Amino acid sequence: MKVLVIGGGGREHALAWKLAQSPRVDEVLVAPGNAGTARESGCRNIAVSAEDIDALLALAREEGVGFTVVGPEAPLAAGVVDAFAEAGLRCFGPRRAAAQLEASKAFTKAFLARHGIPTADYATFTEADAACAWIDERGAPIVVKADGLAAGKGVVVAPDVATAKQAVHDMLGLDGARVVIEECLLGEEASFIVVADGTDYVAFPSSQDHKRIGDGDTGPNTGGMGAYSPAPVVTETVEQRIRDTVIAPTLAGLAADGIAFTGFLYAGVMIDADGNPRVLEFNVRMGDPETQPLLMRLRSDLLDLLEAAVDHRLDAVTPDWDERAALGVVLAAEGYPASARKGDAIGGLDGDTPPATKVFHAGTRVGDDGSAITDGGRVLCACALGADIAEAKARAYDVVNIIDWPGMQYRRDIGWRALR
């Protein structure tokens, strides 16, 4: 069959790469894709925006697409899965109502409180004066979050009251804006991602992202500068707690609220010193860059897994995971995460890479001469498998050292918590 992947980032390159390996897939269409998917065997880019739902529907019909996978959050929040379902087309992802878990932090915090799912104490505001008064009452450090979609960058962990208040004024600068302000949780973050079919779910191995731009988790938040799997902080005991106190009650709570969840459910959790998880955020799609190392570890057919979810038969599927660790290093453009420089030719992509490694494209486009050109903040993710995190890290950085363009920046300490 033909499969359509909606999106054009690193997550979508990894999804398309893995789906193209299925013996049941003739071709993977990627809309709009990037320079990496343009080069990927079995894949073809289509110049359709990930947010143009009418054009995506027309594309799926014209090409005879048998199955669609939605990568990014914006089309999910806009109701792309609802539109495909109404047209009788099979599409993997949550419907618009369920996508509120990511599209609105205020919705999510109210949902968590209503269903007794552990999370930080919080309050929601539309007026800056009231928000600043709450900050004065609580003190710092404190966390300020923009309510809507913000591409992973709508969070300010404020070390002092002045920074928190400035974040409030910045985020409430638009009409109808809301902010969520919450206590700053202490511990270690981890990502726990599952494929859900409304009732059952299948968990991916644990992973950990690196949100800050600089080594040692310094500087502003980004969409993610690297990730690895598994995350040692998620022990068997901790994983069971995440399943019992976060994943299961979330799916049950959504069902009780009349919102059946089918798709990727990503729980970003903070794990305290006693191994107790609390929800920092939900995403309703795979994480980026967690997707890249996670899919390198998936040995079985991704299409089989996603179709089972759409068909509500996940209880009959058991994915096969590589026992090796995987690690990915994001290579970003100069100026990221503020204003990223674009248009530079990327060197080092045309040679052979070492075994058990893969370079996934994110912010790239195809140049006039067929070369890969930088076209976004996070440009590439260099990934590798290894016997452990240390070996995977060494191999991934071997790949990083091959690649170059003017102003390229990256963290040199991906995996440091695991190695510590």
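Rules behind the numbers
Residues numbered from 1 in each chain as written. Predicted model: local features only at pLDDT ≥ 70, side-chain atom pairs only at ≥ 80, totals over all residues. Heavy atoms only, no water. Helix = DSSP H or I, 4+ residues; strand = E, 2+ residues; numbered from the N terminus. Rg over C-alpha atoms; globule rule 2.2 N^0.38 Å. Buried < 20%, exposed > 50% of the residue type's maximum accessible area, 1.4 Å probe, protein only. Areas by Shrake-Rupley, 256 points an atom, 1.4 Å probe, with all protein chains shown as cover. Lys, Arg positive; Asp, Glu negative; His and termini not counted. Charge placed at Lys NZ, Arg CZ, Asp CG, Glu CD. Polar contact = N/O pair within 3.5 Å; in protein donor to acceptor, adjacent residues only side chain to side chain. Salt bridge = Lys/Arg side-chain N within 4 Å of Asp/Glu carboxyl O. Pairing = 2+ DSSP bridges. Phe/Tyr/Trp six-rings, centres within 6.5 Å; stacked < 30°, edge-to-face > 60°. Axes fitted to C-alpha atoms, helices over the stretch in contact; angles between N-to-C directions. Contact = heavy atoms within 4.5 Å. Expected span 1.5 Å × (residues − 1). Arc of directions from axis to C-beta.

1. Focus: the overall build of the protein
Next, step 1: Along the protein, the regular secondary structure elements total 14 helices and 22 strands.
Next, step 2: Whereas a compact globule of 420 residues would reach a radius of gyration of roughly 22 Å, the protein reaches 20 Å, a difference of no more than 12%.
Next, step 3: Projected onto its principal axes, the C-alpha coordinates of the protein cover approximately 60 × 45 × 45 Å.
Next, step 4: The burial tally for the protein puts 57% of its 420 residues in the buried class.
Next, step 5: Of the roughly 16200 Å² that the protein leaves accessible, carbon and sulfur atoms contribute 47%.
Next, step 6: Charged side chains in the protein number 39 positive and 60 negative. The centres of these two groups are separated by 1 Å.

2. A word on the environment of Ser-191
Next, step 1: Structurally, Ser-191 is set in strand β10 (residues 188–197).
Next, step 2: With relative accessibility at 3%, the residue Ser-191 sits in the buried group.
Next, step 3: Ser-191 sits 14 residues away from Pro-205 along the chain, and the two C-alpha atoms are 9.2 Å apart.
Next, step 4: Engagement of the side chain of Ser-191 in a polar contact is seen with the side chain of Glu-290, the distance being 2.7 Å.

3. Points about the pattern of salt bridges
Next, step 1: Under the counting rule described, the total for this entry stands at 34 salt bridges.
Next, step 2: Measuring nitrogen to oxygen at the nearest pair gives 3.9 Å for the salt bridge that ties Arg-11 to Glu-73. One end of the pair, Arg-11, is in helix α1 (residues 10–19); the other, Glu-73, is in helix α4 (residues 73–77), with 62 residues separating them in the sequence. Taken individually, Arg-11 and Glu-73 each receive the classification buried, so the pair is uniform in this respect.
Next, step 3: Salt-bridge contacts for Lys-109 lead to Glu-182; the nearest nitrogen and oxygen are separated by 2.9 Å. With Lys-109 in helix α7 (residues 105–114) and Glu-182 in strand β9 (residues 179–183), this pair connects stretches of sequence that are 73 residues apart.
Next, step 4: According to the relative accessible area criterion, Glu-182 is buried, its value standing at 2%.
Next, step 5: Bridged by salt links that share partners, the residues Arg-24, Arg-90, Asp-304, Glu-307, Asp-311 and Arg-313 form one connected network.

4. Thoughts on the sheet that holds strand β4 (residues 65–70)
Neighbouring strands of a sheet are bound in pairs by backbone hydrogen bonds; such pairs are parallel or else antiparallel.
Next, step 1: On the basis of which strands lie adjacent, the open sheet formed by 5 strands has the order β3-β2-β1-β4-β5 and parallel pairing. Every other strand in the sheet has two partners, leaving β3 (43–45) and β5 (91–92) as the edge strands with one partner each.
Next, step 2: Strand direction decides the pairing type here: strand β2 (residues 27–32) and β3, joined by 3 bridges, are parallel. Residue pairing across strands places Leu-29 opposite Arg-44, the latter belonging to β3.

5. Notes on the packing of aromatic side chains
Next, step 1: A complete count under the given rule lists 6 aromatic pairs for this structure.
Next, step 2: Their ring planes at 75° and their centres at 5.3 Å tell us that Trp-17 and Phe-360 sit as a pair that is edge-to-face. Here Trp-17 is found in helix α1, whereas its partner Phe-360 is found in strand β19 (residues 357–361), with 343 residues between them in sequence. Per residue, the accessibility class of Trp-17 equals that of Phe-360, and both read buried.
Next, step 3: Ring centres of Phe-92 and Phe-264 lie 4.9 Å apart, and the angle between their planes is 75°; on these two criteria the pair is classed as edge-to-face. Here Phe-92, found in strand β5, pairs with Phe-264, found in strand β16 (residues 262–271); they are 172 residues apart in sequence, far enough to count as distant.
Next, step 4: By relative accessible area, Phe-92 is classed as buried at 1%.
Next, step 5: Given a relative accessible area of 2%, Phe-264 falls into the buried group.

6. Regarding the sheet that holds strand β17 (residues 277–283)
Next, step 1: Within the open sheet, the 4 strands sit side by side as β11-β10-β16-β17. Their pairing is antiparallel. The two strands at the open ends of the sheet, each matched to only one other strand, are β11 (201–203) and β17. Within this sheet the neighbouring strands show an average axis-to-axis angle of 30°, counted without direction.
Next, step 2: Of the pairings in the sheet, the one linking β16 to β17 comprises 6 bridges and is antiparallel in character. If you follow Gly-268 over to β17, its bridge partner there is Glu-281.
Next, step 3: Along the sheet face, helix α10 (residues 236–256) touches β10, β11, β16 and β17 and points at about 130° away from the line of β16.

7. What about helix α13 (residues 389–400)?
In an α-helix, one turn spans 3.6 residues; hence positions three or four apart end up facing the same way.
Next, step 1: Its 12 residues give α13 an end-to-end C-alpha distance of 16 Å, which sits within 8% of 16 Å, the value for a rise of 1.5 Å per residue.
Next, step 2: By the burial criterion, the buried members of α13 are Ile-389, Ala-392, Lys-393, Ala-396, Tyr-397, Val-399 and Val-400. All buried residues of α13 fall inside an arc of 150° around its axis, so they share one side.
Next, step 3: Contact partners of the buried residues in α13: β15 (226–229), β18 (325–332), β19, β22 (378–386) and α14 (416–419).

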